[in-house]
Amino acid sequence: MNLVMLELRKHRMLIGGLLLLALLWAAWMVRLVLTSGPDPFDYLAINIGFLFALTPVGLLVPVVLARALSGEATGPLAFLLTSPRRGLAHVSARFGVALATLALYYGAIVAVSAWVAASGGIRYDAWLPPAAWGYFLVAWAAPAVILGIVYGLLVAAYRPGRGGQIVAAAATLGVLKTWSWLTQQAANRLDFLPRLPLPHFTVPREVARYLGLPTGDLDLQLGLRAVADGVPSAPVFTGLLLSALLFWVALRLWEEVEWA
Amino acid sequence: MIAYYVLAFFSATLAALALWGAWLGWTRSKSPTARYFVAAMALAWVVFIGVEAWKSYQVFETILSSELAFTEAAPPLYHEYRDCRVCYEGPAGDVYVVAANTMQEALYVFQRDAPYSLRFASGQVKLNGRALQPGCYTGEARVKDTLEVTGAMSFRLEVGEEASCD
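Residues numbered from 1 in each chain as written. Chains lettered and ligands numbered in written order. Predicted model: local features only at pLDDT ≥ 70, side-chain atom pairs only at ≥ 80, totals over all residues. Heavy atoms only, no water.

A. Quick look at the interface of chain A and chain B. Each partner contributes to the interface: chain A provides 29 residues, whereas chain B provides 30 residues. Taken together, both faces of the contact between chain A and chain B bury some 2,600 Å²; the carbon and sulfur share is 72%. Remark: the boundary between chain A and chain B carries one salt bridge. The residue Glu52 of chain B makes a salt bridge to Lys177 of chain A at a minimum N-O spacing of 3.0 Å. At the boundary of chain A with chain B, the tally comes to four residue pairs in polar contact (both at pLDDT 80 or more). Going through the elements one at a time, helix 6 (128-157), helix 7 (164-189), helix 9 (220-225) and helix 10 (234-256) of chain A are the ones with two or more residues in the side of chain A that touches chain B. When residues in the side of chain A that touches chain B are grouped by element, the largest group, 10 residues, is from helix 7 of chain A. (Contact = heavy atoms within 4.5 Å. Buried area = accessible area lost by both parts, 1.4 Å probe. Salt bridge = Lys/Arg side-chain N within 4 Å of Asp/Glu carboxyl O. Polar contact = N/O pair within 3.5 Å; in protein donor to acceptor, adjacent residues only side chain to side chain. Helix = DSSP H or I, 4+ residues; strand = E, 2+ residues; numbered from the N terminus.)

B. Expanded view of the pattern of salt bridges. Scanning the model with the defined rule gives nine salt bridges over all chains in all. The shortest N-O distance in the salt bridge between Glu7 of chain A and Arg94 of chain A comes to 3.5 Å. Taken together, the residues Glu7 of chain A in helix 1 (residues 2-10) and Arg94 of chain A in helix 5 (residues 87-119) connect sequence positions 87 residues apart. The two residues Glu7 of chain A and Arg94 of chain A agree in class, both being buried. Taking the shortest distance from any N to any O, the salt bridge between Arg119 of chain B and Glu158 of chain B comes out at 3.9 Å. You can see Arg119 of chain B sitting in strand 3 (residues 114-120) and its partner Glu158 of chain B sitting in strand 7 (residues 146-159), a full 39 residues away along the chain. For Arg119 of chain B, a relative accessible area of 23% puts it in the partly exposed group. Given the relative accessible area of 9%, Glu158 of chain B is considered buried. Salt bridges sharing partners connect three or more residues here, namely Glu7, Lys10 and Arg94 of chain A. (Buried < 20%, exposed > 50% of the residue type's maximum accessible area, 1.4 Å probe, protein only.)

C. View of the domain arrangement of chain B. Split into domains, chain B comes out as domain 1 (2-71) and domain 2 (77-159). Taking only C-alpha atoms into account, the centre of domain 1 of chain B sits 41 Å from that of domain 2 of chain B. (Domains from an automatic or database assignment.)

D. The arrangement of the sheet that holds strand 4 (residues 218-219) of chain A in detail. All names here are of chain A. Taken in spatial order, the three strands of this open sheet run 1-3-4, and their pairing is antiparallel. With one partner strand each, in any of the chains shown, strand 1 (123-124) and strand 4 form the two edges of the open sheet. Strand direction decides the pairing type here: strand 1 and strand 3 (residues 201-203), joined by two bridges, are antiparallel. Considered in strand 3, the bridge of Tyr124 is made with Phe201. (Pairing = 2+ DSSP bridges.)

E. Inspection of the packing of helix 1 of chain A against helix 5 of chain A at higher detail. All names here are of chain A. Between helix 1 and helix 5, the shortest axis-to-axis distance is 9 Å and the interhelical angle comes to 45°. By the angle between their axes, helix 1 is oblique relative to helix 5. As for how helix 1 packs across helix 5, the hand of that crossing is right-handed. Across the interface between the two elements, Leu3, Val4, Glu7, Leu8 and Lys10 from helix 1 touch Ala89, His90, Ala93, Arg94 and Val97 from helix 5. Considered class by class, the residues forming the contact of helix 1 with helix 5 number six nonpolar, one polar and three charged. (Axes fitted to C-alpha atoms, helices over the stretch in contact; angles between N-to-C directions. Parallel < 35°, antiparallel > 145°, perpendicular 65-115°, else oblique. Left-handed = near helix turned anticlockwise from the far one by under 90°. Nonpolar A, V, L, I, M, F, W, Y, C, P; charged D, E, K, R; others polar.)

F. Broad picture of the nonpolar core. Of all hydrophobic cores here, the largest spans 65 residues; its most connected members are Ile149, Leu153 and Leu154 of chain A together with Phe37 of chain B. Of all the elements in the fold, those that place two or more residues in this core are helix 2 (12-34), helix 3 (41-54), helix 4 (60-70), helix 5, helix 6, helix 7 and helix 10 of chain A together with helix 2 (32-64) of chain B. By residue number, the principal contributor to this core is helix 5 of chain A, which donates 13 residues. Setting aside residues up to four positions removed in sequence, Leu153 of chain A forms contacts with Leu69, Leu81, Ala250, Leu253, Trp254 and Val257 of chain A. Counting 23 residues, the second-largest nonpolar core is a separate cluster that includes Val149, Ala152, Phe155 and Leu157 of chain B. (Core = buried A, V, L, I, M, F, W, Y, C linked by side-chain atoms within 4.5 Å.)

G. Molecular detail of the packing of aromatic side chains. The final tally for this structure, using the stated rule, is 13 aromatic pairs over all chains. Ring plane angle 65° and centroid distance 5.2 Å describe the contact between Tyr105 of chain A and Tyr106 of chain A, whose orientation is recorded as edge-to-face. Overall, the relative accessible area of 0% leaves Tyr105 of chain A in the buried class. Accessibility expressed as a relative area gives 7% for Tyr106 of chain A, which makes it buried. Joined through ring pairs, the aromatic side chains of Tyr105, Tyr106, Tyr135, Phe136 and Trp140 of chain A make up one cluster. The ring of Trp26 of chain B is capped by Arg35 of chain B, whose NZ or CZ atom sits 4.3 Å from the centre of that ring. (Phe/Tyr/Trp six-rings, centres within 6.5 Å; stacked < 30°, edge-to-face > 60°. Lys NZ or Arg CZ within 6 Å of the ring centre and 35° of its normal.)

H. Helix 6 of chain A, seen in detail. Relative to the 44 Å expected for 30 residues at 1.5 Å per residue, helix 6 of chain A spans 42 Å between its end C-alpha atoms, a close match to the ideal helical length. The largest bend in helix 6 of chain A amounts to roughly 40° and is located at Leu137 of chain A. (Expected span 1.5 Å × (residues − 1). Bend = angle between axes of the 7 residues up to and from the residue.)

I. Representation of the pairing of strand 3 of chain B within the structure. Residues and elements named next belong to chain B. The element strand 3 is extensively covered by neighbouring structure, given that six of its seven residues are classed as buried. Pairing geometry for strand 3 and strand 6 (residues 135-141), over seven bridges, is antiparallel. Considered in strand 6, the bridge of Phe120 is made with Gly135. For strand 3 and strand 7, the ladder comprises four bridges, and the chain directions are antiparallel. Bridging across to strand 7, Tyr116 finds its partner in Val159.

Here's what the structure looks like:
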């Protein structure tokens, strides 16, 4: 679709930059693992450190999306907002491209981390990396992306100088508060929501000794079983619901922006 | 005292910002979706500001008044010594929980009367000197009751009104 190509061209620096970042980090981690000695603790620790550093970078995507949309009404692409194509095409294109970018970025991070962990001797269920990736995308990445789109459309729905940013910020904060409240309520009250199984996650002896455990391998699933009986799936369902609702709001806003 | 003023001022400022956003959103656009969505979300934010301000106020009350600090907020039991593997001790939902994969050695003393539930898969657990078999137990603990643990596996002690064996 032309709209998808337009999005790719518009954000080629961000998308290219994110993927390049992921690729460079992957190459560096692979080299680190292949050239290190028998002790896996160093590269496991470096990997975890990088997970914390690389994850927030994905926030750039919704932010850039919001900024691009909020400037669209006064920019050279303003004709898009009054085009006869349905809002569904426009919003889907932006949402799809952004979500695909985040999916690739976090997919690369998860895949490399999984390989590094396996090289370090950590044993885990095969479904754990894809499940973690999918969980993260549905519960956090998708709602964040659609919220960025809604933010930008709200700013575009108000003429410049008539309070667009304040309006969009107030609405966004309300959405964030409602989102966390919904997740909390769903986790506490909706008992019929399935609980996902605790994964096996066995840390090898060499690493476990740093945690002060002299007696062999440590399977976190056995330990966590005393504390929690599963992983809650409420965030996934709340993320789905929120994404659907905000998607609908974005569609209506797109169609009505020209009324502003 | 200052804390209350800071809390009130902060909450009032945020609420004013939210209400201003709601008003601007409602009056400055002809798009119905934008008007309703912004008004609804901004007013929801005001409600949450109020709820959080109330909760913070209650926390301040609890901390600043020393009587409550020794009764309601303090944990219902403490340990004289504890050696455990993969353990958690603290609030969990409606109960206070001590959970461990392996509880090598521990001596717990109750600080107040409370219902409890205790389960473990193997090892030795003595409640007030009386040895218990592996399994799940519920009961009412009194102040100064002691729980002595040696080599227990899959240990879980819940203390509170909601403590149960299921």
